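Here's the letter readout for the chains.
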Amino acid sequence: MKIGFCMLLWTTSVGKKHEALLRDIKATGYDGIEIPVFEGSPDHYAKIGRMLDGIGLERTAITVIPSLDKNPLGDEGQRQAAVDYLRYCTDCAVALGALALRGQVQALAAGAVVVYHLDAENLLHERAVARQQRVAGREDAANARVGRSAFLHGAAEQEERRR
């Protein structure tokens, strides 16, 4: 088993200034690190990836849907914006050398809370599958993985078992 540490404890934007902290994390015995992908260019993440290679840390990436204009459950324009954002995140994760890109990509961050009942799960699932398929065209070519957060996925499964 490998153990990793999520950098969201310290920052939403990892950079060169975090190198000493990352070295300490490695020296403590962690195998990898989870890097937030919220801003920056793929080139920025490639630099972070090279730094992590030098330290000897594996990495995954994490993101969230940052705003209502990228609502993956909204109208077609919002859903397309969500797909475009996730493609950007995938590009950054690939440049980083991340083993996977995970996060709350079916809900919203930025203070908004999306609550849905299991009756709406089919629509949510259909839209999530369609969105992931649209993102996957770039994902498959780069051998990256994009996945739903286990937290909400697990909550839906638990609710289904209760029925």
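Here is a short report on the structure shown in this document.

### Structural notes on the pairing of strand E2 (residues 32-36)
Along E2, five of the five residues are buried, which leaves the element largely enclosed by surrounding structure. Neither face of E2 is left uncovered, since the one carrying Gly 32, Glu 34 and Pro 36 and the one carrying Ile 33 and Ile 35 both have all their residues buried. As paired elements, strand E1 (residues 4-6) and E2 share three bridges and run parallel to each other. Paired with Cys 6 across the two strands is Glu 34, which belongs to E2.

### Description of helix H2 (residues 42-55)
Between the first and last C-alpha of H2 there are 20 Å, a value that for 14 residues agrees with the 20 Å anticipated at 1.5 Å per step. Residues of H2 that are buried: Tyr 45, Ala 46, Ile 48, Gly 49, Met 51, Leu 52 and Ile 55. Those residues of H2 hidden inside the fold are in contact with helix H1 (19-28), E2, strand E3 (58-64) and helix H3 (76-96).

### Digging into the pairing of E3
With five bridges joining them, E2 and E3 adopt parallel strand pairing. Bridging across to E3, Glu 34 finds its partner in Thr 60. For the crossover from E2 across H2 to E3, the handedness is right-handed.

### Thoughts on the environment of Val 64
Tracing the sequence through the fold places Val 64 in strand E3. Its relative accessible area of 22% is what places Val 64 among the partly exposed residues.

### What to know about the pattern of salt bridges
Overall, the coordinates contain six salt bridges when judged by the stated rule. Between Arg 23 and Glu 19 there is a salt bridge, with its nearest N and O atoms 2.9 Å apart. Highlighted residues: Arg 23 and Glu 19, both in helix H1, separated by four residues, approximately one helical turn. Classification of Glu 19 by relative accessible area gives buried; the value is 16%. Between Asp 69 and Lys 70 there is a salt bridge, and its shortest N-O distance comes to 3.5 Å. Taking relative accessible area as the criterion, Asp 69 reaches 44% and is therefore assigned partly exposed. Overlapping salt bridges, with partners in common, bring together Lys 16, Glu 19 and Arg 23 in one network.

Cut-offs used in this document
- Residues numbered from 1 in each chain as written.
- Predicted model: local features only at pLDDT ≥ 70, side-chain atom pairs only at ≥ 80, totals over all residues.
- Heavy atoms only, no water.
- Buried < 20%, exposed > 50% of the residue type's maximum accessible area, 1.4 Å probe, protein only.
- Helix = DSSP H or I, 4+ residues; strand = E, 2+ residues; numbered from the N terminus.
- Pairing = 2+ DSSP bridges.
- Expected span 1.5 Å × (residues − 1).
- Contact = heavy atoms within 4.5 Å.
- Right-handed = clockwise from strand over helix to strand, strands pointing away.
- Salt bridge = Lys/Arg side-chain N within 4 Å of Asp/Glu carboxyl O.

Remember that the coordinates give geometry; whether it matters functionally is a separate question.
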